[in-house]
Amino acid sequence: MVTPRCVRKCSPCFRRRAPLPGSLRMLRAARCGVRLLLPARGGPAPAPAPAPATPACLPTQRCLQWRLLQQAPQPAATPPAVGRWLLVCSGAVAGAVVLGGVTRLTESGLSMVDWHLVKEMKPPRTQQEWEAEFQKYQQFPEFKILNHDMTLTEFKFIWYMEYSHRMWGRVVGLAYILPAAYFWRKGWLSRPMKGCVLALCGLVCFQGLLGWYMVKSGLEEKPDSYDIPRVSQYRLAAHLGSALVLYSASLWTGLSLLLPQHKLPETHQLLRLRQFAHGTTALIFLTALSGAFVAGLDAGLVYNSFPKMGERWIPDDLLAFSPVLRNIFENPTTVQFDHRILGIASVTAVTALYLFSRKIPLPRRTRMAATSLLAVACMQVGLGISTLLLYVPTPLAATHQSGSLALLSVALWLMSELRRVPK
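So, how was this worked out
Sequence order as written defines the numbering, with residues in each chain counted from 1. Given that this is a predicted model, residues contribute local features only at a pLDDT of at least 70 and side-chain atom pairs are listed and counted only at 80 or more, while totals for whole chains, interfaces and linings are drawn from all residues. Hydrogen atoms and water are omitted, and side-chain values are computed over all heavy atoms in the structure. A run of DSSP states H or I qualifies as a helix once it reaches four residues; a run of E qualifies as a strand once it reaches two. Both are numbered from the N-terminal end. Exposure classes here rest on a 1.4 Å probe applied to the protein chains alone. A residue is buried below 20% of its type maximum, exposed above 50%, and partly exposed in between. In this description, accessible areas are obtained by the Shrake-Rupley approach with a 1.4 Å probe, and a residue is regarded as covered only by the protein chains that are shown. What pLDDT reports is the predictor's confidence in each residue, on a scale of 0 through 100. The criterion used for residue contact is that any of the two residues' heavy atoms lie within 4.5 Å. To obtain an axis, a line is fitted to C-alpha atoms, over the contacting stretch when the element is a helix, and the angle between two such axes runs from 0 to 180 degrees between their N-to-C directions. The scheme is simple: roughly parallel for angles under 35 degrees, roughly antiparallel for over 145, roughly perpendicular for 65 to 115, oblique for anything else. Note on convention: the crossing is left-handed when the near helix lies turned anticlockwise from the far helix by less than a right angle, right-handed when the turn is clockwise. Gly falls in the polar group here, along with every residue not listed as nonpolar (Ala, Val, Leu, Ile, Met, Phe, Trp, Tyr, Cys, Pro) or charged (Asp, Glu, Lys, Arg).

Looking only at helices and strands, the chain has 14 helices and zero strands in total. For the chain, the sequential pattern of α-helices and β-strands runs α-α-α-α-α-α-α-α-α-α-α-α-α-α. Expressed as a percentage of its 423 residues, the buried residues of the chain come to 39%. Surface exposure of the chain reaches about 24600 Å², of which carbon and sulfur atoms provide 65%.

On to the confidence of the model for the chain, then. Averaged over all residues, the pLDDT of the chain equals 84, while 80% of them reach at least 70. Counted against residues more than four places away or in other chains, residues 1–27, with its pLDDT under 50, gives 26 contacts. Contacts from residues 51–59, a stretch scored under 50 in pLDDT, to residues over four places away or in other chains number 18 contacts.

Attention now moves to the environment of Leu 301. By the secondary structure assignment, Leu 301 is in the loop between helix 10 (268–296) and helix 11 (326–330). For Leu 301 and Gln 336, which are 35 residues apart along the polypeptide, the C-alpha to C-alpha distance reads 9.4 Å.

As a further point, take the packing of helix 4 (residues 80–105) against helix 14 (residues 394–417). Here helix 4 crosses helix 14 at 150°, and the two axes come no closer than 9 Å. Comparing the axis directions of helix 4 and helix 14 gives the class roughly antiparallel. The two elements helix 4 and helix 14 cross, and the hand of that crossing is right-handed. Within the contact between the two elements, helix 4 uses Ala 94, Val 97, Val 98, Gly 101, Val 102 and Leu 105 and helix 14 uses Thr 394, Ala 397, Ala 398, Gln 401, Ser 402 and Leu 405. In terms of residue class, the contact of helix 4 with helix 14 is made up of eight nonpolar, four polar and no charged.

Another point: the side chain of Ser 357. Relative to the helices and strands, Ser 357 resides in helix 12 (residues 332–357). Classification of Ser 357 by relative accessible area gives buried; the value is 5%. In contact with Ser 357, other than residues within four places in its own chain, are Leu 273, Leu 362, Arg 367 and Ala 370.

Put into structure tokens, the structure is as follows:
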């Protein structure tokens, strides 16, 4: 490092002046210190007086600034272990979403009629315990209306499906909270990262409470309804939506900490591409969220044809409910129609985004993200159409639900590659 000129002048080897009397030297040092500390006042400045010579033993203002900059603590970078931890957490959330989708497809979500944070972690072991659990299930509408001829063996299957989903949710909570406390105590989290980690841990706890609030809606007696007992599609969408927010935030933060940023030139085309990528990701998120209404109303079992719905492009019962706004969230035909439109819009936006990205010079990793997004979007459309035409088989429908997470993940990856480099 090159030593500034002011520092060289302040070093002992440059002190060549004759020593001044002690009182005079102290007076001049005090005057120089006052001039350095007092701010300039407003108004017309008086005529400048000849400044006294700076003593050789006292550094100038430029030298003081340089020394302060050298001594100022630099902000510590977040260790890569924090980014890897967030990626692992996002994978755990993805597993919970996939397992929750399978639980919904197998109609297992209402098999556990109680919710206890610790007590229900121990499953029934003896025949008497299983019969007692089955008797509790028989008191609720799903058994009375839908599964009145269910055997104990069949009940054990759906019970274990819901039990696996709840236990996985507890594992996700521990995967967030315990490492967060460890990193916090080690001092590896900056102030912004502490706020982010607190928000993620709070969202995990809220997710568990929201899951029980959703299940509770399917256990309520509805004397005026002759429909199959199911959870509220609104609460199901809220439960899935919060899980997607948790997954997206964890994945985005982890990628931001681990992937090196590209120093791309801030051109007008790059700005438009970045905005286009943000809008496409939001559209993909909305399409995945609309799938919760399809699953909640079993809307995939109506109009199992494509591209037309039956014999028409627009079915007759699209607006059968009154008021009209109810059709968007409660009419199975409208819900499926909206999901189709959003899916087609998503794959169209992804294709346009890919074609636009080919016109801009981008790094190899960014081009790979754009190409992967197009490939996953085409695969997801194929899975959705196949699921519809084959009357929603459970393995194919679960794969289609997992594909929505994969598509959202690649979109977030592309956004991370295009993010702006801070100055």
